[in-house]
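Geometric and topological summary
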Amino acid sequence: MKMKVGLLGGGSWGTTVASLTAKNAETVLWARDEETVNEINNYHTNSKYLPGALLHKSLTATTSIEEVVSTSDVLIMGIPSQYFRSVLKEAKPFIRPWIPIISLAKGLELGTKMRMTQIIEEELPGHPAGVLTGPNLAKEIHSGQAAAAVISMVDQIIAKKLQGIFNSGVFKVYTNNDVIGCELGGALKNIMAIATGMGDGADAGDNTKAALITRGLSELTRLGTAMGGKRRTFAGLAGMGDLVATCMSSKSRNHHVGFQLGQGKSLNEIIAEMNEVAEGVKTAKAVMELASDYNVDMPISREVYKVLYESNTVYEAFKSLIKLESGSEQEPG
Ligand SMILES: NC(=O)C1=CN([C@@H]2O[C@H](COP(=O)(O)OP(=O)(O)OC[C@H]3O[C@@H](n4cnc5c(N)ncnc54)[C@H](OP(=O)(O)O)[C@@H]3O)[C@@H](O)[C@H]2O)C=CC1
Ligand SMILES: O=C(CO)COP(=O)(O)O
């Protein structure tokens, strides 16, 4: 019998993943926006988030969270980090016992500084929690370009089972049991994408970008391992892979925010003009607190934070980074 997938969130990534799993399993998507739901059901499109993309024709959608959740064998959460808990709470009364719950989100909850699987474990103890992550720009996956991802869960038997519902044609999914590392890789790289975007917007060169990506990897590995992630994970798809894709791509929303900042726009203006989430903007706050909690130096994240929240200019950010004392590259992290 085919597995039933319930996916909460009709944004660009939620819809993309639902369209992928619809190839392998009966999939129903929940979105709160009635127009999005009608469009998916009637035309197999989601023009608000994926203009021009044709979704798998067996994918159906509904505005009833109960309808999706009460029959699902696996629940996938395509909700941005700051709303993740509230939507999970809305779904909670209808979730069947002990089904796995997989997060697609790449951010940390403000206030608690929690990863999404921690929120799942807190709200729904006993349910196996995991994350699907990696270098996966939604629009590329829709246009059929090859990509690789990781499904990360502590329980590798369940992870292997779920690998089969995501794996499809040119979308290749690996397993990894380091949930902390996989989740942190996805959340922390967004801040580095803002940094490289700032450089691109301000006309910095490719050497600058390479330095930001490489030192950024070192920085996120430092915090990630201090928080319990495995070093090897940060060199893999969830770490370096996603860092490179997001920092290099003008399709990334985080890179876009950085680029516009580099061009001299204010954060408020940039956010007001976007209809999609750039998780790094809020996650930067949680990361600054974590850097202090774990006593880890995060110079690139700190400069991004100052541009976002302390009115520093991009020029000042790069000037501070250049002025930093350059120690040995072989020091830990
Ligand atoms: N897009 C991508 O390429 C990738 C994204 N991700 C991650 O996936 C997660 C989801 O992102 P993505 O789909 O891209 O986001 P989008 O910005 O494209 O869409 C956001 C979705 O969240 C919904 N939403 C917003 N606020 C609320 C709320 N308060 N309650 C319920 N639903 C809400 C929106 O609904 P509505 O339309 O009604 O406002 C919409 O369906 C993020 O953490 C992102 O980092 C991961 C990999 C790739
Ligand atoms: O996580 C992503 C690609 O892996 C998407 O990045 P953005 O959220 O910056 O668009």
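Residues numbered from 1 in each chain as written. Chains lettered and ligands numbered in written order. Predicted model: local features only at pLDDT ≥ 70, side-chain atom pairs only at ≥ 80, totals over all residues.

Looking at an unreviewed UniProt entry, one finds the protein chain named Glycerol-3-phosphate dehydrogenase [NAD(P)+], with Patiriisocius marinus as its source organism. Quoted verbatim from the Sequence similarities (unreviewed entry) field of the UniProt record, the comment on the protein chain reads "Belongs to the NAD-dependent glycerol-3-phosphate dehydrogenase family." Per its UniProt entry, the protein chain bears the Pathway (unreviewed entry) comment "Membrane lipid metabolism; glycerophospholipid metabolism." (UniProt positions renumbered as here; feature names shortened; annotations may be inferred.)

1. Regarding the site of ligand 1
Every one of the 26 residues lining ligand 1 counts as a neighbour, but G11, W13, A105, A138 and E276 are closest to it. For the shell around ligand 1, the secondary structure elements donating two or more residues are α1 (12-21) and α4 (81-91). Its residues placed into classes, the shell around ligand 1 shows 12 nonpolar, 9 polar and 5 charged. Among the domains, domain 1 (4-177) and domain 2 (189-323) are the pair contributing at least three residues each to the shell around ligand 1. (Near = placed C-beta within 6 Å. Helix = DSSP H or I, 4+ residues; strand = E, 2+ residues; numbered from the N terminus. Nonpolar A, V, L, I, M, F, W, Y, C, P; charged D, E, K, R; others polar. Domains from an automatic or database assignment.)

2. Notes on the packing of helix α8 (residues 179-201) against helix α11 (residues 237-248)
Packing of α8 against α11 leaves a shortest axis separation of 8 Å and a crossing angle of 25°. With respect to α11, the axis of α8 lies roughly parallel. Every pair of crossing elements has a handedness; the one defined by α8 and α11 is right-handed. Across the interface between the two elements, G181, C182, G185, G186, K189, N190, M192, A193 and T196 from α8 touch A238, G239, D242, L243, T246 and C247 from α11. (Axes fitted to C-alpha atoms, helices over the stretch in contact; angles between N-to-C directions. Parallel < 35°, antiparallel > 145°, perpendicular 65-115°, else oblique. Left-handed = near helix turned anticlockwise from the far one by under 90°. Contact = placed C-beta atoms within 7 Å.)

3. Things to note about the nonpolar core
Among the nonpolar cores identified, the biggest contains 94 residues, and L29, I76, M77, F166, M192 and V304 are the most heavily contacted of them. A total of 12 residues in this core trace back to one element, the largest contributor, which is α8. Two domains each donate at least three residues to this core, and these are domain 1 (4-177) and domain 2 (189-323). Residues within four places of L29 in sequence aside, it is in contact with L7, G10, G14, T15, A18, I40, L59 and A61. (Core = buried A, V, L, I, M, F, W, Y, C linked by C-beta atoms within 7 Å. Buried ≥ 20, exposed ≤ 12 C-beta atoms within 10 Å, placed from the backbone.)

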